[in-house]
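Residue-level structural notes
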Amino acid sequence: MTPADLTFDRRHIWHPYTSMTQPLPAYPIVSAAGCELKLADGRPLVDGMSSWWAAIHGYSHPRLNEAMKSQIDQMSHVMFGGITHPAAVALCRRLVAMTPEPLECVFLADSGSVAVEVAMKMALQYWHAKGEPRQRFLTFRHGYHGDTFGAMSVCDPDNSMHSLWQGYLPEHLFAPAPQCGFDDEWDEMDIVPFARLMAAHRQEIAAVILEPVVQGAGGMRFYHPEWLRRIRRMCDREGILLIADEIATGFGRTGKLFACDHAGIAPDIMCLGKALTGGTMTLSATLATRNVAETISDGEAGCFMHGPTFMGNPLACAVACESLALLEEGGWQQQVKAIEQQLLTGLGPLKDCEQVADVRVLGAIGVVETHYPVDMAALQAFFVEQGVWVRPFGRLIYLMPPYIISRDQLAKLIAAVTKAVANPAFFRR
Ligand code: PMP
């Protein structure tokens, strides 16, 4: 890429959550293979981000590339209305088999946010079909479910700046975020405000929506799985649906195939995305129980009212199917366990650093929470100098590498984070 390309980029292309007038730098990456991204000047960077939870098998995986190439020769895309195709059927067979048992009806869409819109719409249509319209969702603070308006309405009100959308966003119910950590002793009091909120609005709530066990973009917080068992029981008692947003946590990242597995529960509706295609193409899936699907289908509309143009895109389905085949071979379990161990021993001692408020590790996720927000531009430049790709935000520096990362590569990432937190210049007091 030429300097002119980068100037054009700064002037004309939006990047996620950065200003068009004072954009943070965008680093030119020209290829990626295994666990490395290659800069335009040839320098390799060890990837600590999996491209936001997605590239679990690393980049340019030969089997994923082959799946896409052979699908291109059949067809890249065909509409899904009135048509089906082998890639969608093969993928959905695997999804139904892999996910908790009652989930058996799959809706394919384009991105995580759309999967959440679909899940919320399913819950609304479910209650409409029962002749008892309900329009509110109950969730926790510090959640994150995507950037479209429905999804945003159940994101943390402060982080996603609900004040900006006042009067436009529907107002849902927010319980305090879980305080009881993943490894803490279960504290009965933790769930009391949530239970009270549910009891006070039991006739209005269509569904509870949550990120099971790991609250991701809203703070990288890991909470006690007992929360999920309790919520499942409360929802069953009240007939309220439970939506699990496994878009970030799904496919092994937390050490279990799905984060719900830590609690041994099944939701009524589950959202999947990100790692679904091994991080190669955009695709999401919303799975529902037979009961939810049949109730919707027997209602006034006679069908679920959604159908995106690129629904069931064959290219994305084919590569997703191969990514799930790789997971089914089971190697990920050992890989994630080894990453967890190395993150614990490597990042754990940082707890004693002056800049550090907390260190937490779960599966292939390692989080260093600092006392002060990071200087993003300075820290990002430092990481690139160190030959690693780590993208911190707010007071969080975190690693979630591809499962195939080597010990040496992970050691390099940990060493870079260790150096970073030792330097007060990277933090805005
Ligand atoms: N839900 C969760 C838990 C997420 O982490 C994300 C993405 N960070 C989304 C939904 C939205 O997915 P997408 O960015 O693909 O729209």
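All values reported here derive from a predicted model rather than from experimental measurement.

1. Let's talk about the overall build of the protein
What the protein contains, in helices and strands, is 13 helices and 16 strands. Dimensions of the protein, computed from C-alpha atoms along their principal axes, come out at roughly 60 × 55 × 45 Å. Residues classed as buried in the protein amount to 53% of the 429 residues present. Within the protein, contacts between residues separated by at least 24 positions form 71% of all contacts whose residues are at least 6 apart in sequence. For the protein, the computed accessible surface area is about 19000 Å², with 54% contributed by carbon and sulfur atoms. The centroid of the 35 positive side-chain charges in the protein is displaced by 2 Å from the centroid of its 45 negative side-chain charges.

2. Quick word on the site of the ligand
By nearness alone, every residue bordering the ligand is listed as Ser111, Gly112, Ser113, Tyr144, His145, Gly146, Glu211, Asp245, Ile247, Ala248 and Lys274. At a separation of 2.6 Å, an oxygen atom of the ligand approaches a polar side-chain atom of Ser113. When its residues are assigned to classes, the shell around the ligand shows three nonpolar, five polar and three charged.

3. Details of the packing of helix H4 (residues 86-98) against helix H10 (residues 314-328)
Where H4 meets H10, the axes come as close as 8 Å, and the angle between the chain directions of the two elements is 40 degrees. Considering how the two elements wind past one another, H4 and H10 form a crossing that is left-handed. The segment H4 lies against H10, with Ala87, Ala88, Ala90, Leu91, Arg94, Leu95 and Met98 engaging Pro314, Cys317, Ala318, Ala320, Cys321, Leu324, Ala325, Leu327 and Glu328. Looking at side-chain class alone, the contact of H4 with H10 contains 14 nonpolar, no polar and two charged residues.

4. Observations concerning the side chain of Thr289
As for its position among the elements, Thr289 is in strand S12 (residues 284-289). In contact with Thr289, not counting residues within four places along its chain, are Pro102, Leu103, Glu104, Cys105, Pro267 and Asp268.

5. Observations concerning the sheet that holds strand S11 (residues 269-272)
Two pairing modes exist for strands in a sheet, parallel and antiparallel, and in both the strands are linked by backbone hydrogen bonds. Read from one edge to the other, the open sheet built from seven strands follows the order S4-S12-S11-S10-S7-S5-S6, with strand pairing classed as mixed. Every interior strand has two partners, whereas the edge strands, strand S4 (103-109) and strand S6 (173-175), have only one. Mean inter-strand twist for the sheet, computed between neighbouring axes without regard to direction, equals 20 degrees. Sheet topology places strand S10 (residues 241-245) next to S11; three bridges connect them, and they run parallel. The partner of Ala244 across the bridge, within S11, is Met270. Where H4 meets the sheet, its contacts fall on S4, S11 and S12, and the angle it forms with S4 comes to roughly 135 degrees.

6. Focus: the sheet that holds strand S2 (residues 36-39)
Pairing in this open sheet of four strands is mixed, and the strands run S1-S2-S3-S15 from one edge to the other. Each edge of the open sheet carries a strand with a single partner, namely strand S1 (29-33) and strand S15 (388-389).

7. Some remarks on the environment of His85
Along the polypeptide, His85 turns up in the loop between helix H3 (62-74) and H4. Sequence-wise, His85 and Gly146 are 61 residues apart; in three dimensions their C-alpha atoms are separated by 29 Å. For His85, the residues in contact, after removing those within four places along its chain, are Met75, Val78, Phe80, Gly312, Pro314 and Cys317. Of the polar contacts made by the side chain of His85, one reaches the backbone nitrogen of Ala88; its length is 3.2 Å. In this structure the side chain of His85 is engaged in a polar contact, spanning 2.8 Å, whose partner is the backbone oxygen of Gly312.

8. Digging into the pairing of S11
In S11, alternate side chains face the same way, and those of Ile269 and Cys271 on one face and Met270 and Leu272 on the other are all buried. Pairing of S11 with S12 involves four bridges; the strand directions are antiparallel. Considered in S12, the bridge of Leu272 is made with Ala285.

9. Remarks on the packing of aromatic side chains
One pass over the full model with this rule turns up 15 aromatic pairs. We note Lys130 situated over the ring of Trp127; from NZ or CZ to the ring centre the distance is 5.5 Å. The cationic tip of Arg134 hangs over the ring face of Trp127; the distance from NZ or CZ to the ring centre is 3.8 Å.

10. A short note on the environment of Gly255
The topology assignment puts Gly255 in the loop between S10 and S11. The sequence separation of Gly255 and Ile365 amounts to 110 residues, and the corresponding C-alpha distance is 9.3 Å. With residues near it in sequence (within four places) discarded, Gly255 still touches Trp332, Val336 and Gly363.

11. Describing the nonpolar core
Leu91, Leu95, Phe251, Leu347, Val368, Phe383 and Ile397 are the most contacted members of the largest nonpolar core, which totals 59 residues. With 46 residues, the next largest nonpolar core counts Met49, Ala175, Ile240 and Ala259 among its residues.

12. A look at H3
Helix length check: H3, at 13 residues, gives a terminal C-alpha distance of 19 Å against a target of 18 Å (1.5 Å per residue), a fit within 8%. Listing the buried residues of H3 in full gives Leu64, Ala67, Met68 and Gln71. Viewed end-on, H3 has its buried residues packed into an arc of 95 degrees, placing them on one side of the element. In H3, those exposed residues whose orientation departs by more than 90 degrees from the buried face are Pro62, Lys69 and Asp73. Those residues of H3 that are buried are in contact with H4 and H10.

13. Brief notes about the packing of helix H12 (residues 376-385) against helix H13 (residues 407-421)
The interhelical angle for the contact between H12 and H13, taken along N-to-C directions, is 140 degrees, at an axis separation of 10 Å. Classified by the interaxial angle, the pair formed by H12 and H13 is oblique. Here H12 runs over H13; the crossing is right-handed. Here Leu379, Phe382 and Phe383 of H12 lie close against H13, whose contacting residues are Ala416, Val417, Lys419 and Ala420. For the contact of H12 with H13, the per-class residue count stands at six nonpolar, no polar and one charged.

Here is what the cut-offs are and how they apply
- Residues numbered from 1 in each chain as written.
- Predicted model: local features only at pLDDT ≥ 70, side-chain atom pairs only at ≥ 80, totals over all residues.
- Heavy atoms only, no water.
- Helix = DSSP H or I, 4+ residues; strand = E, 2+ residues; numbered from the N terminus.
- Buried < 20%, exposed > 50% of the residue type's maximum accessible area, 1.4 Å probe, protein only.
- Contact = heavy atoms within 4.5 Å.
- Areas by Shrake-Rupley, 256 points an atom, 1.4 Å probe, with all protein chains shown as cover.
- Lys, Arg positive; Asp, Glu negative; His and termini not counted.
- Charge placed at Lys NZ, Arg CZ, Asp CG, Glu CD.
- Near = heavy atom within 4 Å.
- Polar contact = N/O pair within 3.5 Å; in protein donor to acceptor, adjacent residues only side chain to side chain.
- Nonpolar A, V, L, I, M, F, W, Y, C, P; charged D, E, K, R; others polar.
- Axes fitted to C-alpha atoms, helices over the stretch in contact; angles between N-to-C directions.
- Left-handed = near helix turned anticlockwise from the far one by under 90°.
- Pairing = 2+ DSSP bridges.
- Phe/Tyr/Trp six-rings, centres within 6.5 Å; stacked < 30°, edge-to-face > 60°.
- Lys NZ or Arg CZ within 6 Å of the ring centre and 35° of its normal.
- Core = buried A, V, L, I, M, F, W, Y, C linked by side-chain atoms within 4.5 Å.
- Expected span 1.5 Å × (residues − 1).
- Arc of directions from axis to C-beta.
- Parallel < 35°, antiparallel > 145°, perpendicular 65-115°, else oblique.

None of the figures reported here should be taken as evidence of function without further support.
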